[in-house]
Amino acid sequence: MTYRSYDVLLLDFGGVCLLNPVELHHVTENRLGLPPGTLTWLGPLDPSTDPAWRAMIAGNGLTERDYWTNRAAELGHLAGVELSLTAYMRLMFDPPRSELIRPGAAAVAGRARAAGLGVSVLSNDLRAFHGPEWERGVEFLQDIDHIIDCSETNVFKPDPRAYERAIETVSAPPERVLFVDDQPLNVEGARNAGLDGTWFDIANAEQAWRDVAVTLGLEP
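Fair warning: this is a prediction, and the values are worked out from it, not measured in the lab.

Another aspect to go through is the overall build of the protein chain. Each helix and strand counted, the protein chain has 11 helices and five strands in total. Computed over its C-alpha atoms, the radius of gyration of the protein chain comes to 17 Å, within 12% of the 17 Å expected for a compact globule of 220 residues. When its C-alpha atoms are laid out on the principal axes, the protein chain stretches across 55 × 35 × 35 Å. Pairs at least 24 residues apart make up 65% of the contacts formed inside the protein chain by residues separated by at least 6 positions.

Structure follows, in structure tokens:
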């Protein structure tokens, strides 16, 4: 097989590297005192259970931040508490811990670095959702070359300027950058900006990481 040559692996963070909140429903239910199985909407794991997720993926005016803000409010109502977006994220992801990072993310990023590739993150909401202190506690992020956080500029994927900023930061030609994201609109935006974009299937996350490794031409 002939592999395309890359200089940089550019990753979305939430969902691709970090577990998606729907994979932590059990944590949310436990910490809010909700009966197990209360949360039946499964977003990317099963879009048929989640009309709001389908609307967001289709680009019907609902951003991912809007989606999670609405879910936080719904959960607070269920539990009888006021729950902001950041409080909802803290509920699931604090404290930062290694099991929140997908094994495939750590493995493939490490192999990419060993092969001489740069590995960077392009995220819409990393610091907006989690904050800089949480970020400093995530070992995976300490080995990343660049963290390009769109919440710092309010220019978000799939805006072409988000990818232009990333390309300038990683200092590589766009065609030599493999971009991985779980949002189809963001992948399309990357391709329109000249990057090689690939969609990450959260429902089959470890297989998706194996596919990334194959695309990069990394040995198993």
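Turning next to helix H5 (residues 103-114). The end-to-end C-alpha separation of H5 is 17 Å, in line with the 16 Å expected for 12 residues at 1.5 Å each. Every buried residue belonging to H5 is among Gly104, Ala105, Val108, Ala109 and Ala112, and all of these are buried. One side of H5 holds all its buried residues, which, seen down the axis, span an arc of 115°. The outward face of H5, more than 90 degrees from its buried face, is lined by the exposed residues Pro103 and Ala114. On the buried face of H5, the contacting elements are strand S1 (8-11), strand S2 (118-123), helix H8 (139-142) and helix H11 (205-216). Two residues or fewer past H5, Gly116 is found with a positive phi of approximately 95°.

Looking now at the packing of aromatic side chains. The way to describe two aromatic rings as a pair is by their centre distance and the angle between their planes. If you walk through the whole model with that rule in mind, you get 11 aromatic pairs. On the basis of an interplanar angle of 85° and a centroid distance of 5.8 Å, the ring pair of Tyr163 and Phe179 is categorised as edge-to-face. Here Tyr163, found in helix H9 (residues 160-170), pairs with Phe179, found in strand S4 (residues 177-181); they are 16 residues apart in sequence, far enough to count as distant. Three or more aromatic residues joined by ring pairs make a cluster, and in this case those are Trp41, Trp53, Tyr67, Trp68 and Tyr88. We note Arg71 situated over the ring of Trp41; from NZ or CZ to the ring centre the distance is 4.0 Å.

Where H5 meets H11, the axes come as close as 9 Å, and the angle between the chain directions of the two elements is 10°. Taken as axis vectors, H5 and H11 run roughly parallel relative to one another. Taken as a pair, H5 and H11 cross one another with a handedness that is right-handed. Counted together, Pro103, Gly104, Ala105, Val108, Arg111 and Ala112 of H5 and Glu206, Trp209, Val212, Ala213 and Leu216 of H11 form the full contact between these two elements.

Leu9, Leu11, Phe13, Trp68, Phe140, Trp209 and Leu216 are the most contacted members of the largest nonpolar core, which has 56 residues in total. At seven residues, the largest contribution of residues to this core is made by helix H4 (residues 85-93). In contact with Trp209, other than residues within four places in its own chain, are Leu11, Val16, Cys17, Arg102, Gly104, Ala105, Val108 and Phe200. With 15 residues, the next largest nonpolar core counts Val8, Ala166, Val170 and Phe179 among its residues.

A few words on the packing of helix H1 (residues 25-32) against H4. Orientation of H1 relative to H4, taken along the N-to-C sense of each, is 105°, at an axis distance of 8 Å. What the angle tells us is that H1 and H4 run roughly perpendicular. Taking contact as the criterion, the partners of Val27, Thr28, Arg31 and Leu32 in H1 are, on H4, Tyr88, Arg90, Leu91 and Met92. Of the residues assigned to the contact of H1 with H4, the class counts are five nonpolar, one polar and two charged.

Definitions and cut-offs
Residues numbered from 1 in each chain as written. Predicted model: local features only at pLDDT ≥ 70, side-chain atom pairs only at ≥ 80, totals over all residues. Heavy atoms only, no water. Helix = DSSP H or I, 4+ residues; strand = E, 2+ residues; numbered from the N terminus. Rg over C-alpha atoms; globule rule 2.2 N^0.38 Å. Contact = heavy atoms within 4.5 Å. Expected span 1.5 Å × (residues − 1). Buried < 20%, exposed > 50% of the residue type's maximum accessible area, 1.4 Å probe, protein only. Arc of directions from axis to C-beta. Phe/Tyr/Trp six-rings, centres within 6.5 Å; stacked < 30°, edge-to-face > 60°. Lys NZ or Arg CZ within 6 Å of the ring centre and 35° of its normal. Axes fitted to C-alpha atoms, helices over the stretch in contact; angles between N-to-C directions. Parallel < 35°, antiparallel > 145°, perpendicular 65-115°, else oblique. Left-handed = near helix turned anticlockwise from the far one by under 90°. Core = buried A, V, L, I, M, F, W, Y, C linked by side-chain atoms within 4.5 Å. Nonpolar A, V, L, I, M, F, W, Y, C, P; charged D, E, K, R; others polar.

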